[in-house]
Amino acid sequence: MSTKYELKDLATGKTSTLEARGGTLGPQVLDIAPIVKDHGVFTFDPGFMATASTESRITYIDGDAGVLLYRGYPVEQLAEKSSFVEVAYLLIYGSLPSKAQLEAFRNSITRHTMVNEHLLRFFQGFRYDAHPMAMVSAVVASMAAFYHDSTDINEPRHREIFAHRIVAKLPTIAAAAYKHLLAQPFVYPRNDLRYCSNILNMFFAVPCEPYSIDPIAAEALDLLLILHADHEQNASTSTVRLAGSTGANPYAAISAGVSALWGPAHGGANEAVLDMLESIGSVANIDAFLARVKDKRDHVRLMGFGHRVYKNFDPRAKIIRAMCYRVLEKFGHAETPLFELALRLEEIALKDEYFVSRKLYPNVDFYSGIIYSALGIPRSMFTVMFAIARTAGWVAHWQEMVSDPHMRIGRPRQLYTGPTQRDYVPLDRR
Ligand code: CMC
């Protein structure tokens, strides 16, 4: 289905016809390419508030209805019935795997978990207090210097090997960053363990005593990874696409995504939420804190609230809140007061005119940090956990873009407001 619009230059009377294209779901998008040709003007949309940057078949969000679909499947169903590895397959290949396909994929991911030993030595060069996101971003970029056998982006099998490698190795790199923080020996991946159990083992095992993996911890981690696996054209995914559109080495493109994810407006929010809850301290201080949030001069935001797309509720937040209760019951006595504070803060904010009128609701990261914390994962690692999950989505989007024969370099235009041309003035006359 397509709708036609007419654009008229009121000064000259010149018109052009613009066509709005419909997808399978969601609003139509207006193809504005003729505007430049017919009228010589660009469109202006800072922050991509109204611009679809690409066509995609991977993830669909209806922000008003609180719907999130991966390849058409509601995230609630995947959270309840699937596993992160199966969801990664779904995102990358486009459909749910058969039993044999899932086994083959799981096997390949498991057997790609080790990283080149030289790569591990990079961690020795980082300061003891390096932020893990800085380490992960740097080490992922440096994978481009190691895996030369599969970087022909025009070769489908190369793209597939890259996809498996990065999904498999991200947890190993994350665990190495974590062990560096603790100054503990690195723990190698174990091929007899499932994806999330292996992560827990690499994070928490030590050579001097046995470590037993708690099934609820593995289940909670799997759930969080499913919920964070993809979110259509968010800032980090768009960054991966933009970097990848130049034909850059795919590891470099993923590293760009890791860096974009780090910011507190995006993946860094889960870390910022716990900092915020701790700084509020107790229920008695909520009102004073919210007064600061509402005072624009203060530049304080209610972290874990609001979303560019969700203007009703974030379906991921609902699922996570339920898991919070289970995890805290099992492990989290220390985090229980923070959870209670978060629940109260949510309740108060949801009745407050400031948040109601701006359609600000808790997002996935209002609660994810509480679960990570209860699992024993430190705050500075929260965004790294998000990166492990989002790698599946980044890879799916990179593959989709690169396998499109019409791929073009991403190159936005600008509204220039700097000085007009002026002549260079020698230093002695300035
Ligand atoms: N606390 C207080 N005010 C807020 C918040 C917040 N968390 N979020 C938005 N607003 C206000 C904002 O000040 C503005 O008010 P006004 O119209 O009076 O100027 C209005 O709501 C619209 O905000 P915006 O910044 O134009 O909205 P956006 O779509 O550009 O930003 C956001 C979306 C997620 C960056 C923002 O809501 C935010 O900073 N939230 C806190 C950080 C956070 O939790 N991020 C995680 C997002 S979910 C995980 C992920 O996908 O990365």
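For the structure itself, consult the block above.
Being a predicted model, the structure only gives us computed values, none of them experimental.

## Side note on the sheet that holds strand 1 (residues 2-8)
Reading across from one edge, 1-2-3 is the order of the 3 strands in this open sheet, with antiparallel pairing throughout. Looking at strand neighbours, the two that pair on one side only are strand 1 and strand 3 (29-31), the edges of this open sheet. Across the sheet, the mean angle from the axis of one strand to that of its neighbour is 35 degrees, orientation sign disregarded. Relative to strand 2 (residues 15-21), strand 1 runs antiparallel, the two being bridged by 7 bridges. When the bridges of strand 2 are listed, T3 appears paired with A20.

## Re the nonpolar core
Counting 120 residues, the largest nonpolar core has Y195, L225, M276, L277 and L302 as the members making the most contacts within it. Top element by residues in this core is helix 18 (residues 382-402). It accounts for 14 residues. Look past the residues within four positions of M276 in its chain and what remains in contact with it is F289, R301, L302, M303, L345 and F366.

## Some thoughts on the packing of helix 7 (residues 156-182) against helix 18
When two helices pack together, you describe them by how their axes are tilted relative to each other and by the distance separating the axes. Contact geometry of helix 7 with helix 18 gives a least axis separation of 9 Å together with a crossing angle of 170 degrees. Regarding the angle of helix 7 to helix 18, the classification is roughly antiparallel. Residues R159, E160, F162, A163, I166, V167, L170, P171 and A174 of helix 7 lie in contact with helix 18, whose contacting residues are V384, A387, I388, T391, A392, V395, W398, Q399 and V402. Of the residues in the contact of helix 7 with helix 18, the class split is 14 nonpolar, 2 polar and 2 charged.

## Quick word on helix 3 (residues 84-93)
Most of helix 3 is tucked away, with 9 of its 10 residues classed as buried. Of all the positions in helix 3, only F84, V85, E86, V87, A88, Y89, L90, L91 and I92 are classed as buried. Following helix 3 by one or two positions, G94 has its phi on the positive side, about 100 degrees.

## Some thoughts on the site of the ligand
Taken together, 20 residues lie around the ligand, and H266, K296, R301, L302 and R308 are the ones closest in. Interatomic distance of 2.5 Å between a side-chain N/O atom of H266 and an oxygen atom of the ligand. Taking F305, its main chain carries an N or O atom lying 2.9 Å from a nitrogen atom of the ligand. Grouping the constituent residues of the shell around the ligand by class yields 9 nonpolar, 6 polar and 5 charged.

## Brief notes about the pattern of salt bridges
Any two side chains of opposite charge can pair, so long as their charged atoms come close to each other. Considering all chains together, one arrives at 19 salt bridges under this definition. Salt-bridge contacts for D149 lead to R165; the nearest nitrogen and oxygen are separated by 2.9 Å. Of the two residues, D149 sits in the loop between helix 6 (132-142) and helix 7 while R165 sits in helix 7, which places them 16 residues apart along the sequence. Residue classification places D149 among the partly exposed positions, given a relative accessible area of 45%. By relative accessible area, R165 is classed as buried at 10%.

## Looking at the packing of aromatic side chains
Working definition: an aromatic ring pair is given by the centre-to-centre distance plus the angle between the planes. Overall, the coordinates contain 22 aromatic pairs when judged by the stated rule. Sitting over the face of the ring of Y354, R358 holds its NZ or CZ atom 3.9 Å from the ring centroid.

## What to know about helix 14 (residues 315-330)
A rise of 1.5 Å per residue sets the reference length of helix 14, with its 16 residues, at 22 Å; its end C-alpha atoms lie 24 Å apart and thus fit the reference within 8%. When helix 14 is considered as a whole, its buried residues turn out to be P315, R316, A317, I319, I320, M323, C324, V327 and L328. As for helix 14, its buried residues are in contact with strand 5 (67-70), helix 2 (75-81), helix 9 (215-227), helix 15 (336-351), helix 17 (365-374) and helix 18.

## Some thoughts on the environment of L227
Assignment of secondary structure puts L227 in helix 9. As for L227 and H118, which are separated by 109 residues in sequence, their C-alpha atoms are 33 Å apart. The contact partners of L227, leaving out residues within four places of it in the chain, are Y70, V75, A79, R316, I319 and I320.

## As for the side chain of R71
You can see R71 is positioned in the loop between strand 5 and strand 6 (73-74). A polar atom in the side chain of R71 sits 3.4 Å from the backbone oxygen of L90. Polar contacts involving the side chain of R71 include one to the main-chain carbonyl oxygen of L91, which spans 2.7 Å. Excluding residues that lie within four positions of it along the chain, R71 makes contacts with R57, I58, L90, L91, I92 and G94.

Procedures and definitions
- Residues numbered from 1 in each chain as written.
- Predicted model: local features only at pLDDT ≥ 70, side-chain atom pairs only at ≥ 80, totals over all residues.
- Heavy atoms only, no water.
- Pairing = 2+ DSSP bridges.
- Helix = DSSP H or I, 4+ residues; strand = E, 2+ residues; numbered from the N terminus.
- Axes fitted to C-alpha atoms, helices over the stretch in contact; angles between N-to-C directions.
- Core = buried A, V, L, I, M, F, W, Y, C linked by side-chain atoms within 4.5 Å.
- Buried < 20%, exposed > 50% of the residue type's maximum accessible area, 1.4 Å probe, protein only.
- Contact = heavy atoms within 4.5 Å.
- Parallel < 35°, antiparallel > 145°, perpendicular 65-115°, else oblique.
- Nonpolar A, V, L, I, M, F, W, Y, C, P; charged D, E, K, R; others polar.
- Near = heavy atom within 4 Å.
- Polar contact = N/O pair within 3.5 Å; in protein donor to acceptor, adjacent residues only side chain to side chain.
- Salt bridge = Lys/Arg side-chain N within 4 Å of Asp/Glu carboxyl O.
- Phe/Tyr/Trp six-rings, centres within 6.5 Å; stacked < 30°, edge-to-face > 60°.
- Lys NZ or Arg CZ within 6 Å of the ring centre and 35° of its normal.
- Expected span 1.5 Å × (residues − 1).

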